[in-house]
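Fold and contact review
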Amino acid sequence: MSRPAQTALERLHAGDRRGALAALPDPAGAEEHAVAGMVHLATGDWAAARAALATALGLGEAGPATLLNLALAEDRLGADGRARMRAVAALWPQWDEPRLRLAESFRRAGDESAALAEYVRTLALNADRAEALLGAAVLHLGREDAAPALTLLLRLCALAPDQAEAWDALGIARRQTGDPAAAEAAFAMAQRLRPAQVSFALRRGDAACAAGGGERELARLEEACARDPLDIVQMTARGALLHRLGRLDAAADVLGAAAALAPDAPEPAAALAACLVQANRMSLAVPALRRAAALAPDDVILQNNLAVALTRIHSYREARELLDGLIAAHGARAPFLCNLANALVCLGLQDEGVEVARRATERAPGMHLAWRTLAGALTYAGGASAGTLRALAERAAATLPRGHAAAPVARDPERRLRLGLLSATLKTHPVGWLTVAGFETLDPRAFEIVCLGQEPGGDALQRRFAAIAAGWHVVTGKPAEEVAASIRDRGIDVLIDLSGWGDQGMLAACAERPAPLQVKWVGMQAHTTGMPEIDLFLTDRWETPAGFEPFYTERLLRMPDGYVVYSPPPDAPHPGPLPAATGRGITFGCLNNLAKITPRVIATWAAILRRVPDARLLLKAHQFSDAPTAERIRAAFAAHGIDAARLELRGSSSLRDQLAQHRAIDIVLDPFPYTGGLTTCEALWMGVPVLALAGESFAGRHSASHLSNAGLADWIAADTAEYVERAVAWAADRPALARLRAGLRERVAASPLCDAPRFGRHLGAALRGAWREACARP
């Protein structure tokens, strides 16, 4: 080998890429061109690498390294480098390098299945190849398939004990397998090997918390910060741990200081954003995430988190664009697909959302989020039977980790019971409006209430919950096993989940069986949970008529009246007179989320508008604040012959203004198959009748329950044909509409829908009966 080529290689191996290039300013001969190509590969100059390697090949240098390097350069330039890699692998079948490079190529392209297959082939040739052990393990972890990852990583850490990434990945695997103490030890090793890596410190604190050592780790970090107040790694880790421990104000202060001290570091900004999201301070969280993502444009997790935050502030179109870009650049990873599916459903593109969610289940069949996302998308889109939804819920539930035996039943059927209300939405939220009055009217001699959720604030409904609670414990943002431990430590007899898989939902904690009797009620109560650990599903005879039992894994606990009790806002405006009484045409309206307005709904509503030619349709949803989204919905109606002038699309507003919108509506058209819940109650309170179509799923029968409970069962249709005919008939009878509107608020107020004492008695009797049955079981 020539002296310049040898010098270039020596400098390259020493990490001096610039010096390696300088050693070969004018390559001569096949050997020097081959080495120059290798140096260009290392510096990322793919075109120069291909030119140099092609020259070397033309001059007769056709060794395996040259051929493989040429394949790598072509692959990076978008040519079919994989074909050349396969050819090299065929020529030298015992060489593991081509297989490893194929795996990396597939992984860059987002084809994780093909990448994993090539990593396996690499390890078959060389069981000690560190890059393949780590690469395969990381792919398994991305699929939440921790068992094979753990085997690979234990081998890697034994082979390369000085590799920080190996210990970090081992810690992640230990967390996924439910061993937080071992995870903490692995993360601590990774941090010792690379003390400047913030992510290792953050994961160490998380694992310490999960292992019950959060306060110990906080004390360690406070000592470290006292020794060096400007250590950004320790400061960021301390702030994140305070967040993890539920001390959000203190966490925000520490993380804000860290972000200010290190304005060019993405980790403090990202940790600050996560804390602000948890505190629901989204106006500050999204800018913080934008900054963090801009500082680390290649950090796909940050980009994904930003997309999730954008959906929280109803910027669904921007979230979709960001996720589309992530998938195009980094491959169709299952978490990206799940978040994209949710964004598409929220944009009213339900069928597209279902297809994207199906791709997520194919990519990661062991991932809970993928199956849950598919079930959720189908609930909105329709086309799936209640039996199919149950099967999907059971498939999702089967992926949840379960590490504890069921909490024992203290067999005293008549003692005072401790109820645990598990939810981050015990506040001004549909959960609050539809449940708080029921809890307030429970007999305090028979039931003690403990709230397990978000840090309490100044919200009026949250204050009502706090007033009846014997204790309030912050558990949101914590892993499921910690939430379950908190429930178990507080001796909860009956745990009532009130979030489901919705806003910061903690239903996964129920898989740990922290309470002897577990109930699902309100809060993303769209259909069965599929979880064998959920004993009861609070419902009524309209939501789940006789014969619906096979659609649920839980036992149906039917209330004598409706399954909710509505607390009308005390400042709700007066309903006002019938708008059509002024002589103008009928105004139909719907104030539901666009996620519920499917193509079939649009076609049905368009059929009504064609039959009532002087009618208008008022739609209001967060999504209509986005002009392109609103225009797309107008175009969808235009495709059915409805002029845009007959539509009025309104965007976000305050709750009082939301209620006041009903003063302009004569008849509410309920969407389907996911019907209105709180929106139906609000419409009735505002004197506006709701025309509903009863479906098969729980979400498909919300309005049927509320209407029946209020004595308006004649506003429920069995199919779309009847739905259209009833809309047309009611629109033609304005005197009847005016009479109904004039007395509807009083009628609803006197009905079981708003009769809190009656509901409280029924709820108490239902829970006591269920407890007695649990005590009687062997």
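The rules behind the values
Residues numbered from 1 in each chain as written. Predicted model: local features only at pLDDT ≥ 70, side-chain atom pairs only at ≥ 80, totals over all residues. Heavy atoms only, no water. Helix = DSSP H or I, 4+ residues; strand = E, 2+ residues; numbered from the N terminus. Rg over C-alpha atoms; globule rule 2.2 N^0.38 Å. Buried < 20%, exposed > 50% of the residue type's maximum accessible area, 1.4 Å probe, protein only. Contact = heavy atoms within 4.5 Å. Areas by Shrake-Rupley, 256 points an atom, 1.4 Å probe, with all protein chains shown as cover. Lys, Arg positive; Asp, Glu negative; His and termini not counted. Charge placed at Lys NZ, Arg CZ, Asp CG, Glu CD. Expected span 1.5 Å × (residues − 1). Bend = angle between axes of the 7 residues up to and from the residue. Pairing = 2+ DSSP bridges. Axes fitted to C-alpha atoms, helices over the stretch in contact; angles between N-to-C directions. Phe/Tyr/Trp six-rings, centres within 6.5 Å; stacked < 30°, edge-to-face > 60°. Lys NZ or Arg CZ within 6 Å of the ring centre and 35° of its normal. Domains from an automatic or database assignment. Buried area = accessible area lost by both parts, 1.4 Å probe. Salt bridge = Lys/Arg side-chain N within 4 Å of Asp/Glu carboxyl O. Core = buried A, V, L, I, M, F, W, Y, C linked by side-chain atoms within 4.5 Å. Right-handed = clockwise from strand over helix to strand, strands pointing away. 1 Å grid on protein atoms, 1.4 Å probe; cavity = no way out; pocket = protein on both sides within 12 Å on 5 of 7 lines; lining within 4 Å. Points joined across faces, edges and corners; volume = space filled by probe spheres on them. Nonpolar A, V, L, I, M, F, W, Y, C, P; charged D, E, K, R; others polar.

**A closer look at the overall build of the protein**
A tally of regular secondary structure across the protein gives 35 helices and 13 strands. Taken over C-alpha atoms, the radius of gyration comes to 30 Å for the protein, in line with the 28 Å a tight globule of 778 residues would show. Overall, the protein is about 100 × 65 × 50 Å in size when its C-alpha atoms are taken along their principal axes. Residues counted as buried form 56% of the 778 residues belonging to the protein. Look at the contacts in the protein between residues 6 or more apart in sequence, and 64% of them connect residues 24 or more apart. Only carbon and sulfur atoms are counted for the fraction: they give 54% of the accessible area of the protein, which is about 30,100 Å². Separation of charge centres in the protein, based on 84 positive and 86 negative side chains, amounts to 4 Å.

**Thoughts on helix 5 (residues 64-76)**
Compared with an ideal rise of 1.5 Å per residue, which puts 13 residues at 18 Å, helix 5 spans 18 Å between its outermost C-alpha atoms and is within 8% of the ideal. The buried count for helix 5 comes to 10 of 13 residues, which makes it a mostly enclosed element. Along helix 5, the residues classified as buried are Thr-66, Leu-67, Leu-68, Asn-69, Leu-70, Ala-71, Leu-72, Ala-73, Glu-74 and Asp-75. Lining the buried residues of helix 5 we find helix 3 (29-43), helix 4 (46-58), helix 6 (81-91) and helix 7 (97-108). Among the residues trailing helix 5, Gly-78 stands out with phi positive, at a value near 90°.

**So, helix 34 (residues 734-750)**
Its 17 residues give helix 34 an end-to-end C-alpha distance of 24 Å, which sits within 8% of 24 Å, the value for a rise of 1.5 Å per residue. Along its length, helix 34 shows its largest kink, about 50°, at Leu-744. Here helix 34 has its buried residues at Ala-736, Leu-737, Leu-740, Arg-741, Leu-744, Arg-745 and Val-748. Elements that come into contact with the buried residues of helix 34 comprise strand 11 (667-669), helix 31 (678-685) and helix 33 (720-732).

**Observations concerning the sheet that holds strand 13 (residues 716-717)**
One open sheet holds the 6 strands; their spatial order is 10-9-8-11-12-13, and the pairing between them is parallel. Edge strands, defined here as strands with exactly one partner in the open sheet, are strand 10 (647-650) and strand 13. As defined by bridge partners, strand 12 (residues 690-693) adjoins strand 13 across 2 bridges and the pair is classed as parallel. Within strand 13, the residue paired with Leu-693 across the bridge is Ala-717. Against the sheet, helix 28 (residues 599-611) touches strand 8 (587-590), strand 9 (616-620), strand 10 and strand 11, its axis set at about 150° to strand 9.

**Brief notes about the packing of aromatic side chains**
Note on aromatic pairs: each is described by the distance of the centres and the angle between the planes. Tallying each qualifying case throughout the model produces 11 aromatic pairs. Centroid distance Phe-537 to Tyr-552: 5.1 Å. Interplanar angle 50°. Geometry classified as tilted. Remark: Tyr-552 occurs in the loop between strand 6 (536-540) and strand 7 (555-559) and Phe-537 occurs in strand 6; sequence separation between them is 15 residues. Side by side, Phe-537 and Tyr-552 carry an identical accessibility label, which is buried. Taken together, the ring pairs connect Phe-439, Phe-465, Trp-521 and Phe-759 into an aromatic cluster. Between Arg-768 and the ring centre of Phe-447, over which it is positioned, the NZ or CZ distance is 5.5 Å.

**Some points on the sheet that holds strand 7**
If you trace the 7 strands from one edge of the open sheet to the other, you get 3-2-1-4-5-6-7, paired in parallel fashion. Edge positions in the sheet fall to strand 3 (469-474) and strand 7, since each of these pairs with one other strand and no more. Across the sheet, the mean angle separating the axes of adjacent strands is 25° when strand polarity is ignored. In terms of strand pairing, strand 6 meets strand 7 through 5 bridges, oriented parallel. Bridge assignment links Leu-538 to a residue of strand 7, and that residue is Leu-557.

**Examining the domain arrangement of the protein**
Partitioning the protein into domains gives domain 1 (298-381), domain 2 (417-559) and domain 3 (579-754). A straight line from the C-alpha centre of domain 2 to that of domain 3 covers 30 Å. Contacts between domain 2 and domain 3 engage 17 residues on the former and 14 residues on the latter. Broken down residue by residue, the surface that domain 2 buries against domain 3 is led by Ala-526, Trp-542 and Glu-543, which jointly contribute 45%. The tally of links between domain 2 and domain 3 comes to 0 salt bridges. When residues of the side of domain 2 that touches domain 3 are traced back to their parent elements, those giving at least two are helix 25 (430-440) and strand 6. Counting residues per element, the side of domain 2 that touches domain 3 draws most heavily on strand 6, at 4 residues.

**Details of the nonpolar core**
Across soluble globular proteins, nonpolar side chains have a tendency to be buried as a group. Of all hydrophobic cores here, the largest spans 116 residues; its most connected members are Phe-439, Trp-521, Phe-588, Trp-605, Phe-637 and Leu-669. Looking at which domains feed residues into this core, each of domain 2 (417-559) and domain 3 (579-754) gives three or more. With residues near it in sequence (within four places) discarded, Trp-521 still touches Leu-434, Thr-435, Phe-439, Ile-496, Asp-497, Leu-498, Leu-538, Tyr-563, Val-564, Phe-759 and Leu-763. Ala-251, Val-286, Ala-309 and Val-356 belong to the second largest nonpolar core, which has 79 residues in total.

**Considering the environment of Gly-366**
With respect to the helices, strands and loops of the structure, Gly-366 is situated in the loop between helix 22 (350-363) and helix 23 (368-381). Once the C-alpha coordinates of Gly-366 and Leu-272 are considered, the two residues, 94 residues apart in sequence, prove to be 31 Å apart. Filtering out sequence-adjacent residues up to four positions away, Gly-366 remains in contact with Arg-143, Glu-144 and Thr-399.

**Topic: the pairing of strand 2 (residues 447-453)**
Moving residue by residue along a regular strand, the side chains alternate between the two faces of the sheet. By the criterion of burial, strand 2 is predominantly enclosed, with 7 of the 7 residues buried. Going residue by residue along strand 2, you find Phe-447, Ile-449, Cys-451 and Gly-453 tucked away on one face and Glu-448, Val-450 and Leu-452 tucked away on the opposite face as well. Two strands pair when backbone bridges link them, and strand 1 (residues 417-423) and strand 2 are joined in this way by 7 bridges, in the parallel orientation. Within strand 2, the position partnered with Arg-418 by the bridge is Glu-448. Following the chain from strand 1 across helix 25 to the adjacent parallel strand 2, one finds a crossover that is right-handed. Inspection of the sheet shows strand 2 paired to strand 3 by 5 bridges, in the parallel sense.

**A short note on empty space enclosed by the protein**
Here the structure, examined in full by the defined rule, presents 2 cavities of 30 Å³ or more. For the largest cavity, the calculated volume is near 50 Å³. Around the largest cavity, the lining residues are Cys-590, Leu-591, Asn-592, His-662, Val-668, Asp-670, Thr-679, Thr-680 and Ala-683. At 3 residues, the largest contribution of residues to the lining of the largest cavity is made by helix 31. Of the voids in this model, the second largest cavity is the one considered here, and its volume is about 30 Å³. For the second largest cavity, the full set of lining residues is His-243, Gly-246, Leu-248, Gln-278, Val-474 and Thr-476. Residue composition of the lining of the second largest cavity, grouped by class: 2 nonpolar, 4 polar and no charged.

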